[in-house]
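Below are the chains, spelled out letter by letter.
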Amino acid sequence: MGNCPVLAGSNEGYGAMTVITTRKTGHIFWITSNNPPVNALGHAVRSGLADAIAKANGDKGVKAIIINCDGRTFFAGADITEFGKPLQAPGLPEVCDTIEASPKPVIAAIHGTALGGGLEIALACHYRVAVPSAKLGLPEVKLGLLPGAGGTQRLPRVIGAEAALGMIVSGNPVGAKQAHASGLVDRLAPEDGLRDAAADLADEVMDASSHPVSSQREDMLAAAREDPDLFNRFRQDNARKIKGLDAPEACIVAVEAAVNVPFERGTALERELFMELVGGEQSKAMRHVFFAERAAQKIDGLPKDTATYTLAKVGILGAGTMGGGIAMNFLTAGIPVTMVEREQAALDRGTAIMRKNYERSAAKGKFTVEQVDAAMSRLNPTLDFEALGDCDLVIEAVFESMELKKEIFHRLDQIAKPGAILASNTSYLDIDEIAAQTRRPDHVLGMHFFSPANVMRLLEVVRGKQTAPAVLATAMAVGKRIGKVAVVSGVCHGFIGNRMLAARQEQANALILEGATPWQVDDALTNFGMPMGPFQMADLAGLDIGWNPDTTSSSSVREVLCERGRRGQKTGKGFYDYAADRTRTPSKETEDIIAGFAARAGIPKGDYTEGEIRERLIYPMINEGAKILEEGIAQRASDIDVVWLYGYGWPVWTGGPMFWADTIGVNRVLSGLERHRKALGPDFRISPLLKTIAEDGRRFNA
Ligand code: 3H9
């Protein structure tokens, strides 16, 4: 095929902006997109595709059409940056209809990822060929949308409603092999033979009298038509996962329409739902999250091509909950880990918990037994500190004591090989002070994981004053390699996340003394969409962290709770009372303890609405976020959003705390803070940046 003539005019009409080229080989007309980096279906691509289809159909010598893409992937979807702007015709639904209506068969040749609008293009084609490594999916739901170019109507007709529901509502792609098994892909091509396989298929079908048309298929809908309860069952089964989000329900309604009404009515409904969602606050927030996550990878002042160190082996100091969780990330990614503890019992306990965690994940189908064994075989648990000497990166995960950490880093510096990176998993402490204990402060930084460290996706990479660019770039690259979302933070007490959490906790503690109950405080946050409130979180973690029975002096609510044996979920009671199945109920005893403290301190009992409680908890966090920006601790407001989304379960449909402030208006946050000023305490200061942004009517996320 390689030396076939290029069809004249392939670049006509688009000048330098040409992203679609065409050529002819025998009776086959090739339409190729080249729109890096991901062949997003922006205006130029859409109009190029429509014109090319028309051209192919107008050429008597053409008997079959192949759509494929250059570069790393097939179309990865609509161009998200175009959403919210006036649509430039042709729209994607129209392009899909044009492809499907082609009297000559159209074949999609898929490599990389056929996502969103990309899969919708493929579904509109009469045939689909893919390489085994390709992935196919409709991830629109993750952007607060539903597939808007016929995907909700064509996919159920091709693979059945139940399978389509799963793909569309989860937004997760499937591999080409699975897609082949389900009928979504007609033929698998050898990894390096996609074009030949597509051409072979074209040769086979070009003279057929008819071709499969996805929108006209009925066969795959039969099962759902006989099972009308399917959709409500699906809603119930997924209630927890889709709570608070608008898009999943819209997806379900649209797929239901595919089963029950003709294609044209189904697509009209899909369009209506899409327009509603794309203009709504949730999708705007979720699109912000998409770009925020990618922006977080970019480090101010650090060229994209900064060289990074190769990591062949990682050392972890401490086999506790954090150390074990951190180690699992590397083991899963295929990187050997040496894990050091001081005592055999602690080492054995830590290793056993890791294996148990892996086995639990395997039971859920996330790993095979072989993968678990392979991961654990990469672990070298040892009591020998010197064994860390050949590691390229050592992460210290011992408990929070500056003295201990200083001593450890001093020792590590003696034994770690030249060029090795030394990282601390500290949640609060000063990385520069720790780095000063070594002769390589430029090779020291913070890598702050969040608990459970093998699950939570956030990694705060703490850049010390002297951290070298290559060391920082390596930590970010490592984060990506182990599947984390890494965000750079400067050095301050608690970094980005915990510093803001402390601002919230201070208000939570104050509010309960002012008369709001812990349950009201927790509800104000969980009703907002946070997975847990501060008192539920405290009960889960254990109230006795840092509590000493020998020195306890009944000086805080927390101390008294511990003294009375109310140490959290593990003792069946903490702020709340817990039943054997961990169901929680408000505790009268806790309320009495709090009332006693309030009375002794002479704090009058206030009466708060849920909205006021929320303002008291969240506005000071945003204020702290503004200070974090002002001081250059975070590079950009969206980085703060990413920290809260991935580290603390902030509800994705509000886009993160700073984006939420932008949505409700920074001036509203400012006036709220001024209104609550007295209650916020004598030390409370409004951030000058927040004030300026509010007064100028600007946004944090400009
Ligand atoms: C849709 O299709 C709606 C339709 O149903 C209906 C319409 C009517 N648009 O992720 P990466 C940028 S909704 C614009 O780092 P990777 C991205 O920002 C869409 N830009 O690469 C980044 O820019 P920068 C449904 C996009 O290899 C660069 O490309 N589709 C888009 O790690 C590289 O991206 C999706 O939701 C886009 N669609 O991952 C898929 N996609 O370099 C979204 C990427 O300036 N995309 N960019 O930071 C992805 O999931 C991943 O990008 C992908 C590659 C897996 C493809």
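1. Remarks on the domain arrangement of the protein
Considered domain by domain, the protein is made up of domain 1 (7-278), domain 2 (314-493) and domain 3 (517-601). Relative placement of domain 2 and domain 3: their C-alpha centres are 31 Å apart.

2. Some details on the nonpolar core
Among the nonpolar cores identified, the biggest contains 90 residues, and Leu49 and Leu184 are the most heavily contacted of them. Every residue in contact with Leu49, bar those within four places of it in the chain, is listed here: Ile20, Ile31, Leu41, Ile67, Phe75, Val95 and Ile121. Of all hydrophobic cores here, the second largest spans 70 residues; its members include Trp519, Phe528, Tyr576 and Ala634.

3. Notes on the site of the ligand
Around the ligand sit 25 residues, and of these Gly117, Glu120, Glu140, Arg294 and Lys298 come closest. Here Ile80 contributes a backbone N or O atom positioned 2.9 Å from a nitrogen atom of the ligand. One of the backbone N or O atoms of Gly148 is found 3.0 Å from an oxygen atom in the ligand. Burial of the ligand by the protein amounts to 76% of the accessible area it has alone, namely 1000 Å². Elements represented by at least two residues in the shell around the ligand include exactly β5 (113-115), α3 (117-124) and α13 (281-295). Here the element with the most residues in the shell around the ligand is α13; it accounts for 3 residues. Considering only residue class, the shell around the ligand consists of 14 nonpolar, 5 polar and 6 charged.

4. Things to note about the packing of helix α27 (residues 657-664) against helix α28 (residues 666-675)
Two elements in contact, α27 and α28, have axes whose closest approach is 5 Å; the angle formed by their N-to-C orientations is 95°. Considering the angle they form, α27 stands roughly perpendicular to α28. Contact residues: α27 offers Ala661, Asp662 and Ile664, while α28 offers Val666, Arg668 and Val669. Grouping the amino acids of the contact of α27 with α28 by side-chain chemistry returns 4 nonpolar, no polar and 2 charged.

5. Structural notes on the pairing of strand β13 (residues 393-396)
Along β13, one buried face is formed by Leu393 and Ile395 and the opposite face, lined by Val394 and Glu396, is buried too. Sheet analysis places strand β10 (residues 314-317) next to β13, joined by 4 bridges and oriented parallel. From the neighbouring strand, Gly315 faces β13, where its bridge partner is Val394. Of the strand pairs in this sheet, β13 and strand β14 (residues 421-424) are connected by 4 bridges, and their pairing is parallel. Each residue of the ladder has a partner; that of Val394, found in β14, is Leu422. A crossover connection joins β13 to the parallel β14 through helix α17 (residues 402-415); in handedness this β-α-β unit is right-handed.

6. Quick word on the sheet that holds strand β6 (residues 127-130)
Read from one edge to the other, the open sheet built from 6 strands follows the order β1-β2-β3-β4-β6-β9, with strand pairing classed as mixed. Strands with a single pairing partner mark the edges of an open sheet, and in this sheet they are β1 (20-25) and β9 (187-188). Note that β1 and strand β2 (residues 28-33) share 6 bridges and pair antiparallel. Residue pairing for β2: Arg23 is matched across the bridge by Trp30.

How each quantity is defined
Here the residue numbering is sequential within each chain, running from 1 through the sequence in written order. For a predicted model such as this one, the threshold for reporting local features is a pLDDT of at least 70, and the threshold for listing and counting side-chain atom pairs is 80 or more; totals across whole chains, interfaces and linings nevertheless cover every residue. Only heavy atoms go into the side-chain values, all of them from the structure, while hydrogens and water stay out. For every domain, the bounds stem from an assignment made automatically or drawn from a database. To define a nonpolar core, start from buried Ala, Val, Leu, Ile, Met, Phe, Trp, Tyr and Cys residues and group those joined through side-chain atoms within 4.5 Å. Only protein chains enter the accessibility calculation, which uses a 1.4 Å probe. A residue is then buried if its area is under 20% of the maximum for its type, exposed if over 50%, and partly exposed in between. Residues are treated as being in contact if the distance between any of their heavy atoms lies within 4.5 Å. Here a residue is near a molecule or strand as soon as one of its heavy atoms is found within 4 Å of it. Residues adjacent in sequence count toward polar contacts only when both atoms are side-chain atoms; beyond that, a polar contact is any pair of N or O atoms within 3.5 Å, and within protein one must be able to donate a hydrogen and the other to accept it. For the accessible areas, the method is Shrake-Rupley and the probe is 1.4 Å, while residue cover comes only from the protein chains on display. Counting from the N terminus, the helices are the DSSP runs of H or I reaching at least four residues and the strands are the DSSP runs of E reaching at least two. Each residue gets one of three labels, nonpolar for Ala, Val, Leu, Ile, Met, Phe, Trp, Tyr, Cys and Pro, charged for Asp, Glu, Lys and Arg, and polar for the others, Gly among them. Axes here mean lines fitted to C-alpha atoms, for a helix over just the part in contact, with angles spanning 0 to 180 degrees between N-to-C directions. Angle categories: roughly parallel below 35 degrees, roughly antiparallel above 145, roughly perpendicular from 65 to 115, and oblique for all the rest. A pair of strands is treated as paired once DSSP finds two or more bridges between them. Seen with its strands pointing away from the viewer, a crossover is right-handed if its path from the first strand over the helix to the second goes clockwise.

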